[in-house]
Each structure stands twice: as structure tokens, then as C-alpha cells.
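A look at the structure
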Amino acid sequence: MKVYADNAATTVVSKEVVNAMLPCFTKIYGNPSSVHTIGQEAAIELENARSTIGKWLNAEPREIFFTSGGTEADNWAIQNAAAIGAKKNKRHIISSRFEHHAVLHTLNKLEKQGFEIQLLEVYNDGLVRPEDLQSALREDTALVTIMYANNEIGTVQPISQLGKICRDHGVIFHTDAVQAVGHVPIDVKEEFIDLLSLSAHKFHGPKGVGALYCRKGLPLNVFIEGGAQERGKRGGTENIPSIVGMAVALEQISRNMERNSDKVFALHNTLIEALSAIPRSRLNGSREKRLPGIVNFCFEGIEGEAMLLMLDALGICASSGSACTSGSLDPSHVLLALGLPHEIAHGSLRMSFSEYNNKEEVDYIIEKLPPIIQRLRSMSPVWEKIERGE
């Protein structure tokens, strides 16, 4: 049996999305900046997609700017807010310890430019506390950037509370919602969000395309110099096939969100119950406040990489954390932020499901994973010490 349990890394592109994209390669292939008929047909598709993306975020079409993905959107949002703050002599930025590296690395760059970066704790449940944000805010705070849902452990942050605190203090609030869009309802107005990043390939759209939401009235600097595309803010001919595909994917998954969530929660609850019965296992992050489908466990006494290879040999595709750091030998910074020691964080396994998965696949994982853990522990001197209580 083949089981794809790595949907947090990327999802399969749906047939409906592929069918919607194909005409953009062969019929509606014009440059949307061209004034002739074929170009304007592409321009219509572009603006229809912008309206669709905005609709499902409760944003206006003019507040949506297309990008190459979530990483670019994160970079643009954070650097833009930092530039706004610098003009007002505000150089303090607040984030959390377990953000995606697209956020953390951008903050590292800004720190070298003289910004002060403060990272909030996420505690052992993987949740930012609103009161911690309240205490951290200062007169010179330029930006707060907190991810909507963590890509490794799936915990969903109290975004509306965090956003309200920022709005009350006049501080720009950005959320990296790459892992959340399409999986939980998001309302940028109700949740006081100023900037939001998303990426199509997390909800059955194509790779290499995403969007940045920027609240109307908030200045947005030019990110890529060039033509007048994206209201003059991001030069370069728009990727019409992928943008159309992203809009169709978001429309499709948003309309079926409740049904999908019920199905995927049932799958992941079944898996959590089974894996919790394994001795010295640990579910990472809050059991209740999490996305449907992301299950992250640590198993003491083993290395996660060996576990992944053995699962792959049995046809099970999983990961030990973010696909962006899969080549690293270091334990996940997300798990370390929860307070886990290195030796436990090394034994991590992330399995993530979508509505395309089924109970038979989860049962197959439950059948195959415990013997793998037992075998690896039988060869581990670390496990021997654990059993002896050392």
C-alpha cells in the first residue's frame, strides 16, 4: 500500500485545478498587460482570481497581491512593515520562537540592520499567550508577526486576540497563514490582520504561486522593480495559469471545509489514540487547538531519520518536520521551542493528512509503525539507558 502522509509539506493538485489551468496554456495565453483581446481575456482571469482569493479571506480584491509563494509573501510583509517602522524610528519587532524560517531568517537579516527582535515563548503546548504579547509591546514596536498555525505541530494560535491587541496599540500585525488557509476559516477583518501570507500548494493548488494580503490604507512598498504589474508593487508578468489554479483550489477547499475537517479530524484522532499507547511517546503541541490532519509525535530512544526510511520502504511517506529543513541534521527548532531536549526532539515524526486520505491508510500506519519503533529501540544504546532509568 502507498500512503501519502506528508500533506503539510505539499498537497496533490486536484483534477479540478488542473482542468482550470489547462486553457490558460493554450487558449487564454495572453499577457494581461496587453491591450488586445487575448491579453484582456487573461486580465479578466487574473482579476477574477483576485476576487476569489479576497472573498474567502473577507478582503477586497485590491488588497490581494500575487507572489511566487508564501516565502516571498513573508519576506515582503515583514520587510515592508520594518521599513514603515524605521521611518517613525520604531525598530522593535515581536515574533515567536517557532516561526517558519521564511520569517525567522528575514528577522535575522533585519537584526543585522539594527532592528531589535524579540521572540515570544510558545510553551510546551505550542501556543503563544496573548498576555505575553501585551507585556512585550513597546512604544517603538514596529511589527508583530505570529504564524496562524504551525507547520510542524499544527497548533493554531489565538490570532483574533493577538490581532486585537496590536490594533489597540497601533502596531502592524502580520500572520504567516501558509499552513492555515483553506483548512480553518479566516476573516482578516474580524481577526484584525493587517498582512497575511498564503501559498497555493498547501491546499491542492500548484507550487510556485501565493499571495500577500495587505490591508487597505497600509502603505506597501515596491518589492520587485519592473513593470506596473500588481498595482506597480511587484514587477513581472503574472503567472496566469497558476494564479487561476490557486483561486479554483481555494474556492473548492473552502466550500468543503467543514466536511473535510470532520473527515480529517477523525483520521488524526484515530492515529493519536493509537500512537499514544506506545511507551515513551509524546504528542507535540496542544491536542485541542490544532489544525485537522497534522500529527507530530516524538518517540524516545530512536532517530527520526531511520524511522522515516523504514516507513518509506513500506510505502508510507511522512517527515520529521518542515520540508524546508529536511536536509538538516539538527533537531527541529519548533520542538526545541516547546522545551524538548535534543535527544527527544531527534526522534520526531510528522504525519499530515488531507481529505484524500482514508481510514485504511491510517490503519496501515498503525499496523506498521509500532514494530519499526520496537526494532529501532532494540538496536539503540540510548533506549537501553532509558529502560534502566539512567
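Structure first, text after, so check above.
Here the structure is a predicted model, which is why all the values come from computation and not from measurement.

What to know about unusual backbone geometry
Phi is positive for Glu-230, which is not a glycine, with a value near 50°. Tracing the sequence through the fold places Glu-230 in the loop between β8 (210-214) and α7 (240-255). Judged by its relative accessible area of 5%, Glu-230 is buried. For Arg-231, which is not glycine, the phi torsion reads 55° and is therefore positive. As for its position among the elements, Arg-231 is in the loop between β8 and α7.

Quick notes on a nonpolar patch on the surface
On the surface, a cluster of nonpolar side chains totalling about 280 Å² of accessible area is made up of Val-18, Leu-22 and Phe-25. Mapped onto the secondary structure, Leu-22 falls in helix α1 (residues 15-26).

Structural notes on the environment of Val-13
Counting through the fold element by element, Val-13 comes out in the loop between β1 (3-4) and α1. Here Val-13 falls in the partly exposed class, since its relative accessible area comes to 29%. A sequence separation of 190 residues divides Val-13 from Phe-203, and the C-alpha atoms of the two residues are 8.1 Å apart. Beyond its immediate sequence surroundings of up to four residues, Val-13 is in contact with Val-18, His-204, Gly-205 and Pro-206.

Things to note about the packing of helix α8 (residues 257-276) against helix α12 (residues 359-378)
At a closest axis distance of 10 Å, the pairing of α8 and α12 adopts a crossing angle of 15°. By the angle between their axes, α8 is roughly parallel relative to α12. Regarding α8 and α12, the two cross each other, and that crossing is right-handed. Only Lys-359, Val-362, Ile-365, Ile-366 and Leu-369 of α12 make contact with α8, whose side of the interface consists of Leu-267, Thr-270, Leu-271, Ala-274 and Leu-275. Of the residues that constitute the contact of α8 with α12, the class distribution is 8 nonpolar, 1 polar and 1 charged.

Notes on α12
Because an α-helix packs 3.6 residues into every turn, residues spaced three or four apart end up facing the same way. With 20 residues, α12 ought to run about 28 Å at 1.5 Å a step, and its terminal C-alpha atoms sit 29 Å apart, in line with that. The set of residues buried in α12 consists of Glu-361, Val-362, Tyr-364, Ile-365, Leu-369, Ile-372, Ile-373, Leu-376 and Arg-377. Looking at where α12 begins, the residue whose side-chain oxygen comes 3.1 Å from the main-chain nitrogen of Glu-360 is Asn-358.

Some remarks on the packing of helix α9 (residues 304-313) against α12
Put simply, α9 and α12 touch, their axes get as near as 10 Å, and they point 135° apart. The angle between the axes of α9 and α12 places the two elements in the oblique class. Note that α9 runs across α12; the crossing there is right-handed. Packed against α9, whose contacting residues are Ala-306, Met-307, Met-310 and Leu-311, the element α12 presents Leu-369, Ile-372, Ile-373, Arg-375 and Leu-376 at the interface. Here the contact of α9 with α12 is built from residues that sort into 8 nonpolar, no polar and 1 charged.

Digging into the packing of aromatic side chains
Summed over the entire model, instances satisfying the criterion amount to 3 aromatic pairs. Consider the rings of Phe-65 and Trp-76, whose centres lie 5.9 Å apart with planes at 65°: the pair is edge-to-face. Linking Phe-65 in strand β2 (residues 64-67) with Trp-76 in helix α3 (residues 70-87), this pair joins segments that are 11 residues apart in sequence. When sorted by exposure, Phe-65 lands in the same class as Trp-76, which is buried. Between Phe-297 and Phe-299 the ring centres are 5.8 Å apart and the planes differ by 10°, which places this aromatic pair in the stacked class. Judged on exposure class, the residue Phe-297 and its partner Phe-299 are both buried.

Basis of the calculations
Just so you know, the residues in each chain are numbered from 1, in the order the chain's sequence is written. The model is predicted, so local features are restricted to residues of pLDDT at least 70 and side-chain atom pairs to those at 80 or more, both for listing and for counting; the totals for chains, interfaces and linings are taken over all residues. By convention in this description, side-chain values take in all heavy atoms of the structure and omit both hydrogens and water. For helices the rule is a DSSP run of H or I covering at least 4 residues; for strands it is a run of E covering at least 2, with both sets numbered from the N terminus onward. Partly exposed residues are those whose accessible area sits between 20% and 50% of the maximum for their type, while under 20% is buried and over 50% is exposed, using a 1.4 Å probe and protein chains only. Within this analysis, patches are made of residues with over 30% relative accessible area and no salt bridge. Like charges are joined at 9 Å or less; nonpolar side chains (Val, Leu, Ile, Met, Phe, Trp, Tyr) at 5 Å or less. Methods summary: accessible areas were calculated by the Shrake-Rupley approach with a probe of 1.4 Å, and residue burial reflects only the protein chains presented. What makes a salt bridge here is a side-chain nitrogen of Lys or Arg within 4 Å of a carboxyl oxygen of Asp or Glu, nothing more. Here, residues are in contact when the closest pair of their heavy atoms is within 4.5 Å. Orientation is described by lines fitted to C-alpha atoms, with helices fitted over the stretch in contact, and by angles between N-to-C directions that extend from 0 to 180 degrees. Any angle between 65 and 115 degrees counts as roughly perpendicular, while under 35 counts as roughly parallel, over 145 as roughly antiparallel, and the rest as oblique. Less than a right angle of anticlockwise turn of the near helix away from the far helix marks a crossing as left-handed, whereas a clockwise turn marks it as right-handed. Following the grouping adopted for this structure description, the nonpolar residues are Ala, Val, Leu, Ile, Met, Phe, Trp, Tyr, Cys and Pro, the charged ones are Asp, Glu, Lys and Arg, and the polar ones are all others, Gly among them. Residue count minus one, scaled by 1.5 Å, sets the expected span of a helix. Nitrogen and oxygen atoms within 3.5 Å of one another constitute a polar contact, given that in protein one can donate a hydrogen and the other can accept it, and given that sequence-neighbouring residues count only through two side-chain atoms. A pair of aromatic rings is counted whenever rings of Phe, Tyr or Trp (Trp by its six-membered ring) have centres within 6.5 Å, and the orientation is called stacked for planes under 30 degrees apart, edge-to-face for over 60 and tilted otherwise.

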